[in-house]
Structures are given as structure tokens and as C-alpha cells.
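Fold and contact review
Listed below, chain by chain, are the residues.
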Amino acid sequence: MTRRETDTVVWSGTWVAERLGVELVGDETLSGMLGLALRRNPKRAHLLVSNVLGKHVPQSPAVVYGAGYGLGERVRELLGPEDASRAVVLGYAETATGLGHSVADGVGLAPYLHSTRRPVEGVERAGGFEESHSHATSHLLLPEDPRLLAGDGPLVLVDDEFSTGNTVLNTIRDLHQRYPRDRYVIVALVDMRSDDDRDRLSVFARELGARVDLVALASGTVRLPEGVLEKGQALVAEHEAAGGAAGSPPGAAGSAPGSASGSALDAGSASGAVGSALGSAPTAQPPTGSTAAGVGSLPGAGASGAGVPDSPPGAEAPAGGEGLAGKAAAQATPRRAVRFELGWPRGVPDGGRHGFTPRHREQLEGALPGMAARIAAALGDAATGRSRRVLVLGFEELMYAPLRLGTALEQVIDAGVRYSTTTRSPVLAVDDPGYAIRSRLVFPAHDDPADGPGERYAYNVAGAGFDAVVAVVDSAADTPQLHAPEGLLAQLAAHTPHVLLAVVPSYVPQYVPERAAMLPEPLRGPEFSSYAADDVGWLLQDLSETELEAPTEEREEAIQGGAHYAESLPVEYQPSAQYQQLFKAALETSAVRIARAVGTVTETVLAERSPRSVLVSLARAGTPVGVLMRRWAQHRHGLDLPHYAVSIVRGRGIDTNALRWLQQHHDPADVVFVDGWTGKGAITRELADALAEFEGFNPEIAVLADPGGCVRTYGTREDFLIPSACLNSTVSGLISRTVLRADLVGPNDFHGAKFYRELAGSDVSEHFLDTVAARFDEVATAVDADVKELLSADRAPTWEGWAAVERISEEYGIHDVNLVKPGVGETTRVLLRRVPWKILAKRGAGADLDHVRLLAEQRGVPVEEVDELPYTCVGLIHPQYTRGATGADGKAVSAL
């Protein structure tokens, strides 16, 4: 008999049962649903390893989801339609977050919340409790809406196993003091309580004066011999000492990464048995019939755990690449994970940490087919064809999102799809068919956990022969640790040919009254900025004492290597005497043109929007324009328009806390967003996307100049020199660019910026404003004519700038529109802040480009005159930059 044939008839709890004398006693379904392993935990020796949970054992997503959904249907039948419609479902972190969510789907209209071990600043706790036997005990309840748990309808509590009942009792005791109700339903995959535990729960319910029901797929108990904890700890120590952290026999041969499934037990070999017991899982639409029918009879109950891979001996790859399989992998060509855009629906939470409503469920269901199609396309690109065996790997508490992505993916690809998640739980791995945890990947935590750094694990992945792994994490976990050489992605890449990374946006509660009250008042001059206090209120936090600046070349290399530009600041450019003189000359020459554009855009706003308009400039390029618009309205009409500056970051969106502050203090319909100019329109699109989550705001931007044809409210569409683009902070109230970095900006903070008080001697911010405002009367007649013409004209955006940028990107072999910066203002920014490659200038452009030519000369950057350029100039950022790079392709540099 071959090893593969032998494995299929061995129960995956045999190894532990034989060595410790542990007995699994219960109905005939139990051994098919559970295996056994040894914890590396001083509080409990054994671990019940579920074959249908999708945590430690890769399993068909349909089977995993069907188990939870079917339990939810049984709860709905138990409660009846009326009580089911009033129920709230609560799942337990980390193992039951996805199971609880699936149960809520089966119940129907129930909102869902799961406990969490990730605190979120500013979100008030609605409860908390301890899990006595766990390695990580503190559970927090953090609903976005504090009323979620305050109703009197039934509370449905979901865990993967109901062992002693202590965790559930702690939860009910805590919540019943705050939100008393008369009915609770406990749901678990398996009920493993002893008779004493059952009696204790009955007494507790009577004392509480509430009805407590229990629904489970299977029931039984674990019989533990005397001294099992000490024996288990000794066995773990002995096995790890003999076979390494993996628990493999000394000298066992490792497997090459991505071993073919022919040498391993097919991950679906036992899932048919489990699936037949649980019924068919919901596919595109949840079914109406019970998916748990027939659970009392599980064919193949003596088989090894569903989906347990027959990994080769020594398949574990601990952090740092140790272990036999890790060494084999190190000899292969290193692979890198491929990130792809998942297209998660905007506004839908990543899970139930802060609550998940029926409306969220409806939005997610509608988006799942499209996301599955994107995953399938990415798999096709990665594998140059269809992958035969694909693992969708979730992340700790993030279980439901990857589970549903897996169920949707099963519907669109011709491959064996499996699902499991990483975990905090430390478990011994033993490569034996009678043991539930066959292999173990070890890697550092990558979500900045509140309890500090530590090891995390992925079980039964190494050596399982997966052709591709789709790793799904939330954005809070998309950190450098995830991408580090010893991180999760590198560990996965050592064991599968293709690793794809999908990032789900971490949901931040949109409005919590307690958080809203914590938002600070705007910063104002002279304490923050050199502008007068009534000129602008900055909805920012002051990071002036924080060291954020980095040399231009160092920043460029980091940005092109994956860092975000908003995580650091460029060193503030100190203009030479020659450059300062150019600025002054340009300001005198263009003051009339700027004043006319200011008047035109302001009058258009007042005519089309409201004389009550609230100007909200996009810091910092938009802020001088916002101040000038405010001064025009005051000078011409006696209006005192409020003006605030907020941060918006390309790729990260607008400061949502700033929007909440505006919602509290003004009518969102009165808010007019202001910027200096448009380039290719990236920020215009960013703003429109960001505001989709907030009701009442108009996403249309008013700009001084719109050479890109991106907006319909503008002062001019000419691409001319706006002198405020020539300098940085010294023409913008001595304020830096905005900063968005996780270690500095928390979920309840405004984005950050610095006030460069030390540059006061070079400040020309007020000089710029006063010079332009002095020309207001001179241009009034021309402004009236311009506005009359504009109000009757077709001003629909043409987006011709975007088209031009795409063409230039391809013609010059850059292939990245983010490295093409069109217009005088954007070109100036490239020369001041980035590593420029070359400047394209419209042939015959005059004095508007004097400062560009000077800066280009100072930095050794060629200026190439071209015909038929829709802008006066375009700045091209170095497309292949590393410090000291040289080459023959014309894109490398020898010195800057």
C-alpha cells in the first residue's frame, strides 16, 4: 500500500491519542470534523483542529462557508422569523470571525459584530472579556454604532468549539450587565462540554433569568488522562529538540518549493466526506434550504482531516529560512509576490470588527463576481495559464473577506480552490498522517499588534503542492514586515511558484459621536503658518518637531522602490539670489493675469454655488489660491467666506477626519474645494472617489488654472506661470507638504504638516498675496466679461491633459503616468522635489519658463523643445532611478 493510500485511512488525531491517551468521544461525525495536535501553550496541552473551519487546515471555501451558513439557517428556524429579524450575531476573534459572519448570513437580516484583539483609538468599547485558556486573552467589542448591542432582541454568540463554556459565560455576564435581554443562542461547530459544564450553563441561565439555546453540528467530549498537560509539554519539548521546530524526524528529506500535487495528498481528498455532511454551500446567492441537513452521518469519518496536505517530512520553513524545506527553497531562484488590485467595494467594511450590516452584505454580494474575475485574471497572468490548485490565504481576524473571495473564485476557475488563514496560535507541527498539523510556516507579525511583535504561523501550507497562493490582508497589515525577507510573502514564495497579494482596505468607522467630539479645532497663524488667523484654518496636526526630511535622491529611490511620497518630506529648497530675483520679476509680470483668474473663478463659484460658500483648499498648493479667493469675495462683495485647508494624498485619499470636522461645523453642500491648478487630473479623480463615502459634498474642484481640461470651474485654461508654484513653503505660509504615515497619524488624527518658523526671513507669502490683491480693481471689468462668457459656455472637462500624459509616457518609454508631470506648476515641483530626467518645453515658450530653465541648469537636467505640446512644459521624473545609476538607455544618471 502506498503512503498516499495509507494516509487516507488514518484519523488525524491518532498521533496525539496514542502518545497522550487523549480520547475523542462523541457521535460518528466528530472524528471527521476534528483532528488533534499539541499546543505550544502552558495552559492547555491539546488542540482540537477543525477540518471545516478553514483556519489551520486548507479546505474548500464552499464547505467552510456552507457550515456556517447552515448553522445560521438552523438559528433562524429556532428563533422564528420575528425574533430572527431582531437578532444580533457576535463572533469570537480570531478563529471564529469568519464562521460567525457566515452564521449571520444564514440568519438573514442580522447585523454582525466580532470581538477583536486590535484596539482602535477613539472607538469606545462596548464590552470586553477574557478567554482563560488562550495564548492571547483580551477580547474587545468595538462597534461603530454603540446601539448595535443595545437592543433587546436575541444575541447569537458564535465560536468554533464550545469546550468549557467559560468564554461564552464571560461574554454574556459582561454584556448582560450593560444590555440585558431575555434570550441567547450559542452556536458552535462542535459542542465538547463535559456534563459538569452543561450543568453549570443551565444554572447560569436560571440565575440570569434568560433562555439560552445551543446549536452545533456535532457533539462529544475529550477525555484527558491525569497529568496530560505536563505530558504534553514534555512531548512538545522532546519532539522539537529531536526534530527541530517543525517537529520532523532528524534527517528527513525536504521538498522543493511548489512540489507537484502528485507527491502529496490532494487537499480535497476528505472534503467530499465533510461536504456531503454539511450540504452544498451557497454560491452566488445564499440558498433557501438548510445546508446542514444530514449532518448526523458523515461518510469516511475515520479518514484524515479534510484537506490536510500530505506534506513531505521537514516541510516547515521557520523565519529566516531554516529547516530542510527552507534550505531547499533557498537554493531556488527567489520569487516575489505580485500585488494586484482587488477592487474591494468602497464603504464596505473588511469584516465585522466594527459591525457589518445587511446593507453591507448586499453591496459585497454584488461585488464578489467582479473581484473573483480580477483574481482569476491575476492567476492567469501569474501562472501563464490556469493554476490547478490555488490557496486563498486569509490573515488572522480577517477570515470572512478571503473566505467569500474563495467561494466566488470557485465559481469562475477550473481549479481546486482551498482556503485557510494565518494565525497567532503556536502549535507543534509533525509530519505524520495521523497528526492534524503537518507543516508550519513561521514569520513575524506584520500589523503592529498592540501586544507587541511576535511570531505568526501558517499551517499545512508548506509542501502542500499549491500552484498559487492568493494572500489576502487588510491595509493595516500591508507593512514592511509583510514584505521583509523573513516575512509571510517570502515564506510563501519558498513553497509555491506564484504568490499574489490582495489588500482589503482596513475599515475605519466613519462617524462615532465620541470620536467626532475629539477632533481638534483648526490650527491658525501666527502659531501655525505665517498667514493671518482669519485667512485660513489648517485642519492638520502640527508635526514641526518631527524629523521628516530626506535628501531628494534618497526619497526618489525609496518612492520608486514602493514607499509612498507622503511618508517623508523633501528638504526645503533654498532659492539662490538669482532665483529669488526671477520670482519677484515673474510675480510683477503675472500679477494682473493671476488677479483676473482669481476674480473669474471666485465670481463663478459665487454665481453657481452660493454666497455662503465655504472654501476648502487642498493643502498646500491650493491654499494661496483659497486665501486670494477669500480676499476677492471680501473686497468685491463684502463677504467673509470661511476658508480651511485640508490634506489629500494621491493613492490614499482625502483626510476623512477633516471632512467629519467640516460636516459638524458647516453644511457640506456649501463646501467648495479649491486647488491651484490641474495637471493630468489625478487629484481631481482622487477627490471624487474619496467623497463617494460622504453625503452632501460636491466633488467639483475650483482651480485657478485648468490646462489639463479636468474641471468646469476655473479662472483660465491657459498653462502659465503661477509664481506660488516657484517656491515651496516660503510662498505658502511656511507650511510643508502634508504627511500621512501610520506611526505619526492615527485613525482619529488629522494628517500632519510642519511649520518652518526658521524660514521666516525668506517668507514671501504675504508679499505674493498683497501683490496680486493690489490688482483686483484693475481687472474687475475684465473679470465681469470673462464670467459672463463662461457661465454661458460649454465647460465640460475634456481630459485632454490625461490623454497627452499617456501619450508622452509611452513615447518616452516611461510606462508610468505618475512619473509624467504636466504644466508649469507640476514641472516646477519636479525640479524642486524629485529627481528629474528631462524637461519638455513647448517650442517658443517665453518668460513663463525662465525659472524652469534656471532650475534645470542648476540640476543638470536637459530641456528639450518640442512641437504640439498641449502644455507650456512637462517634467519627466527619472523612470529608473537608483542613486549612482548609470546606463546606456538614456534614462540613468551619473550625478545630480
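What you are looking at is a predicted structure, and each value in this text was computed from that prediction instead of being measured. (Residues numbered from 1 in each chain as written. Predicted model: local features only at pLDDT ≥ 70, side-chain atom pairs only at ≥ 80, totals over all residues. Heavy atoms only, no water.)

**Some thoughts on the pattern of salt bridges**
This structure, assessed with the given rule, holds 45 salt bridges. Residue Arg-118 is joined to Asp-447 by a salt bridge in which the shortest nitrogen-to-oxygen separation is 3.5 Å. Taken together, the residues span a long stretch of sequence, with Arg-118 in the loop between β5 (112-114) and β6 (127-130) and Asp-447 in the loop between β14 (440-444) and β15 (455-459) at a distance of 329 residues. For the pair shown, Arg-118 and Asp-447 are each scored as buried. One salt bridge in this structure joins Arg-211 and Asp-213, with 2.9 Å as the shortest N-O distance. (Salt bridge = Lys/Arg side-chain N within 4 Å of Asp/Glu carboxyl O. Helix = DSSP H or I, 4+ residues; strand = E, 2+ residues; numbered from the N terminus. Buried < 20%, exposed > 50% of the residue type's maximum accessible area, 1.4 Å probe, protein only.)

**With respect to the pairing of strand β33 (residues 873-877)**
With 5 of 5 residues buried, β33 lies mostly within the body of the structure. Of the two faces of β33, the one holding Cys-873, Gly-875 and Ile-877 and the one holding Val-874 and Leu-876 are both buried throughout. Looking at chain direction, strand β30 (residues 820-822) and β33 are connected through 3 bridges and run antiparallel. Bridged to Val-820 within β33 is Leu-876. Sheet topology note: the strand β31 (residues 836-842)/β33 ladder contains 5 bridges and is antiparallel. Each residue of the ladder has a partner; that of Lys-838, found in β33, is Leu-876. (Pairing = 2+ DSSP bridges.)

**Remarks on the environment of Glu-695**
With respect to the helices and strands, the residue Glu-695 is situated in the loop between α20 (682-691) and β27 (701-705). For Glu-695, a relative accessible area of 73% gives the class exposed. Put simply, Glu-695 and Ala-669 are 26 residues apart on the chain and 9.1 Å apart in space, counted from C-alpha to C-alpha. The residues touching Glu-695, leaving out its near neighbours within four places in the chain, are Gln-663 and Pro-668. (Contact = heavy atoms within 4.5 Å.)

**Section: the sheet that holds strand β28 (residues 713-716)**
With respect to topology, 6 strands assemble into an open sheet ordered β18-β23-β22-β26-β27-β28, the strand pairing being parallel. Two strands in the sheet have a free side with no partner beyond their single neighbour: β18 (537-538) and β28. Against the sheet, helix α18 (residues 622-637) contacts β18, β22 (614-618), β23 (643-646), β26 (671-677) and β27, and its axis sits at roughly 120 degrees relative to β26. Packed on one face of the sheet, helix α19 (residues 656-665) meets β22, β23 and β26 and runs near 160 degrees to β23. (Axes fitted to C-alpha atoms, helices over the stretch in contact; angles between N-to-C directions.)

**Comments concerning the packing of aromatic side chains**
For the structure on display, the rule yields 11 aromatic pairs. Seen in terms of ring centroids, Phe-528 and Trp-538 are 6.1 Å apart; in terms of plane orientation they differ by 75 degrees. Their pairing is edge-to-face. With Phe-528 in the loop between α15 (513-516) and β18 and Trp-538 in strand β18, this residue pair connects regions lying 10 residues apart in the sequence. Here Trp-538 falls in the buried class, since its relative accessible area comes to 0%. For the ring pair Phe-694 and Phe-697, a centre distance of 6.5 Å and an interplane angle of 70 degrees mean the geometry is edge-to-face. Summarising the burial analysis for this pair, Phe-694 and Phe-697 share the class buried. Through a chain of ring-to-ring contacts, three or more aromatic side chains come together here, namely Phe-528, Tyr-531, Trp-538 and Phe-755. Between the NZ or CZ atom of Arg-685 and the centre of the ring of Trp-799, over which it lies, the distance is 4.4 Å. Over the aromatic face of Trp-802 sits the side chain of Arg-685, whose NZ or CZ is 4.1 Å from the ring centroid. (Phe/Tyr/Trp six-rings, centres within 6.5 Å; stacked < 30°, edge-to-face > 60°. Lys NZ or Arg CZ within 6 Å of the ring centre and 35° of its normal.)

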